[in-house]
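Per-entry structural report
Take a look at the letters that make up each chain.
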Amino acid sequence: MNLRNGRSKALAIGAVALVSTLSLSACGTDDNTKTTAGGTSSGAAPAASIACADKGGQLLGAGSTAQGPAIDVWKAAYSAACSSATITYSGGGSGAGVTQFNQGKIAFAGSDSALKPAEIDASKTVCTGGQGIDLPMVGGLISIVFNVDGVDKLILDGPTLAKIFDAQITKWNDPAIAALNPGVNLPAADIQAIHRSDDSGTTANLTGYLAKAGAGAWKYPASKTWAAQGGQSANGSAGVAAQVKQVKNSISYVELSYAQTNKLNSAAINTGASKPVEATAANAATTLASAKVVGTGSDLALNIDYATKEEGAYPLTLVTYEIVCDKGNKADALPVLKSFLTYTVSDAGQQAIGATGYVPLPKELAGKVKTQIDALA
């Protein structure tokens, strides 16, 4: 990362301060999205902070399930303010969202990983005179969730996680796990490792982390598609979280909000810093503040340092992108698209999802995103 330490820490402190002032409540329920008598949505922005499009209409999006609860919060607030617009977002995973976007079926796709070169080329068919671009919108973290008999605190590291998810470590009392958890009574039980069955940006981020921090134990490339051996599978973040909750001695990976909603235990990560790093929004904000823009032109794809050893920096941090056409958007959807995304990247929109366990974007990055939204055509 090339950002200077002073700026990185300042951004992190700002994001941490914002996160710490908000209660990390469960998300994705009706109680979090209902409209109050005052014209605001619970946990969301006042209607006065949202500039509606001059002309309403329907806006279709799909993709990442990790950002689903955030979209729910935004939809509730936006719909309360802009009754002439209808926002529809279906999950299905990042891979499905990108596919639908490149088929021209939706105006934006949510993806937890940036577009690949082949996907950008494919987007030029539907983005007349332009291409698909990545706009960071939802900051978050991947929580390593577990359901192990008699264990409520667990420390893991990159190499050990790589071996667990590739069936190289198969027992909870394996010496490698025991060495990271002195004094913990680990059961002599089989590990039930669970991964996503659908193409998932969350999987791409996890496998990217394992490839960089796994000390060679992870022999597969970072990918939306699960390639490792063994284990069980479930569809979507909600499906994975539900399966971990039901299956004894299981372990998997979900966005933090799903861990909170399902009251799942999250492992701390031994990064090589002076102490293991807990899976909290504040610790993810420290990592996100140092992310570097690596996209070109109007594309704002980020590089996150999965191998960070900075104190208090949680390494399994992700950003969900809203993928849109920089040019060639459908005329009937463009006004609502720009209006909705302008709200989501605003201070009010980012604070609203901060209350549900997400990580507000650093202000400098949010400003860059707003500039690109304004330029959409």
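My aim in this report is to walk through the structure given alongside it, one point at a time. (Residues numbered from 1 in each chain as written. Predicted model: local features only at pLDDT ≥ 70, side-chain atom pairs only at ≥ 80, totals over all residues. Heavy atoms only, no water.)

Observations concerning the overall build of the protein
The condition is simple: By definition, any uninterrupted DSSP run of H or I lasting at least four residues is a helix, any uninterrupted run of E lasting at least two residues is a strand, and each is numbered from the N terminus. To sort residues, take the accessible area from a 1.4 Å probe on protein chains only and compare it with the maximum for the residue type: under 20% means buried, over 50% means exposed, and anything in between is partly exposed. Any pair of residues with heavy atoms lying within 4.5 Å of one another is described as a contacting pair.
Summing up its helical and strand segments, the protein has 13 helices and 13 strands in all. Here the protein holds 377 residues, and the buried ones make up 54% of them. Pairs at least 24 apart in sequence give 76% of the contacts found in the protein among residues at least 6 apart.

A look at the pairing of strand β13 (residues 317-325)
Rule in force here: We call two strands paired when DSSP finds no fewer than two bridges between them.
For β13, a buried count of nine out of nine residues is recorded, marking the element as mostly surrounded by other parts of the structure. Burial along β13 is two-sided: T317, V319, Y321, I323 and C325 facing one way and L318, T320, E322 and V324 facing the other are all buried. Direction of pairing for strand β3 (residues 108-111) relative to β13: antiparallel, over a ladder of three bridges. Across the sheet, the residue bridging to G110 is E322, located in β13. Bridging between strand β4 (residues 132-147) and β13 involves nine bridges; their strand directions are antiparallel.

Some details on the pattern of salt bridges
Opposite charge on two side chains makes pairing possible when the charged atoms of those side chains draw close. The criterion, for reference: Any carboxyl oxygen of Asp or Glu within 4 Å of a side-chain nitrogen of Lys or Arg constitutes a salt bridge here.
In total, this model carries eight salt bridges according to the counting rule given. Linking K224 and E119 is a salt bridge whose minimum nitrogen-to-oxygen distance equals 3.4 Å. On the criterion of sequence distance, the pair formed by K224 in the loop between α7 (201-213) and β7 (232-234) and E119 in helix α4 (residues 117-123) is long-range, its members being 105 residues apart. Residue K224 is classed as buried on the basis of its relative accessible area of 11%. A salt bridge links D166 to K219, with the shortest nitrogen-to-oxygen separation between them at 2.6 Å. Of this pair, D166 sits in the loop between α5 (158-165) and α6 (175-180) while K219 sits in the loop between α7 and β7, placing them 53 residues apart in sequence. A relative accessible area of 57% places K219 in the exposed class.

As for the side chain of T207
Here is the rule we go by: Counted as a polar contact is a pair of N or O atoms within 3.5 Å, where, for protein atoms, one must be capable of donating a hydrogen and the other of accepting one, and residues adjacent in sequence contribute only when both atoms are in side chains.
Tracing the backbone shows T207 in helix α7. The exposure class assigned to T207 is buried, which follows from its relative accessible area of 2%. At 3.2 Å, the side chain of T207 forms a polar contact with the backbone oxygen of A204. Among all residues touching T207, those that are not within four sequence positions of it are W218, P221, A222, S223 and W226.

Thoughts on unusual backbone geometry
The phi torsion at A167 lies on the positive side, around 60 degrees, for a residue other than glycine. With respect to the secondary-structure elements, A167 resides in the loop between α5 and α6.

Things to note about the nonpolar core
Inclusion rule: Think of a nonpolar core as a cluster: buried Ala, Val, Leu, Ile, Met, Phe, Trp, Tyr and Cys residues, connected wherever their side-chain atoms sit within 4.5 Å.
In terms of nonpolar packing, the biggest core is built from 96 residues, with I144 and I251 touching the most fellow members. Per-element accounting of this core gives the leading share, eight residues, to β4. Counting residues in hydrophobic clusters, the runner-up holds ten residues, among them A234, V244, Y258 and A259.

Quick notes on the environment of D166
The class of D166 is buried, set by a relative accessible area of 4%. Residue contacts for D166: discarding those within four places in its chain leaves W218, K219, Y220, A228 and Q229. A polar side-chain atom of D166 sits 2.9 Å from a polar atom in the side chain of Q168. Side chain to side chain, D166 and K219 meet in a polar contact 2.6 Å long.

Quick word on the packing of helix α11 (residues 334-345) against helix α13 (residues 363-375)
In plain terms, the rule: Interaxial angles span 0 to 180 degrees and are taken between N-to-C directions of axes, which are lines fitted to C-alpha atoms, for helices over the stretch in contact. Convention used here: angles under 35 degrees read as roughly parallel, angles over 145 as roughly antiparallel, angles from 65 to 115 as roughly perpendicular, and any remaining angle as oblique. Classification used: nonpolar for Ala, Val, Leu, Ile, Met, Phe, Trp, Tyr, Cys and Pro, charged for Asp, Glu, Lys and Arg, polar for all others including Gly.
α13 packs onto α11 with a crossing angle of 175 degrees between their chain directions and a minimal axis gap of 10 Å. Taken as axis vectors, α11 and α13 run roughly antiparallel relative to one another. For the pair formed by α11 and α13, the contact residues are K338, L341, T342 and V345 on the first element and A366, V369, K370, I373 and D374 on the second. When the residues that make up the contact of α11 with α13 are grouped by side-chain class, the tally is five nonpolar, one polar and three charged.

Here's the deal with the packing of aromatic side chains
What characterises a pair of aromatic rings is the spacing of the ring centres plus the angle enclosed by the ring planes. Put simply, the rule is: Aromatic contacts are taken between Phe, Tyr and Trp rings whose centres are within 6.5 Å, Trp giving its six-membered ring; a plane angle under 30 degrees counts as stacked, one over 60 as edge-to-face, and the others as tilted.
Tallying each qualifying case throughout the model produces eight aromatic pairs. Each ring, one from W226 and one from Y253, has its centre 5.9 Å from the other, and the planes form 20 degrees; the classification is stacked. Of this pair, W226 sits in the loop between α7 and β7 while Y253 sits in strand β8 (residues 250-255), and the two are 27 residues apart along the sequence. You can call W226 buried: its relative accessible area is 14%. Judged by relative accessible area, Y253 falls into the buried class, the value being 1%.

Function-wise, these values are silent; they only describe arrangement.
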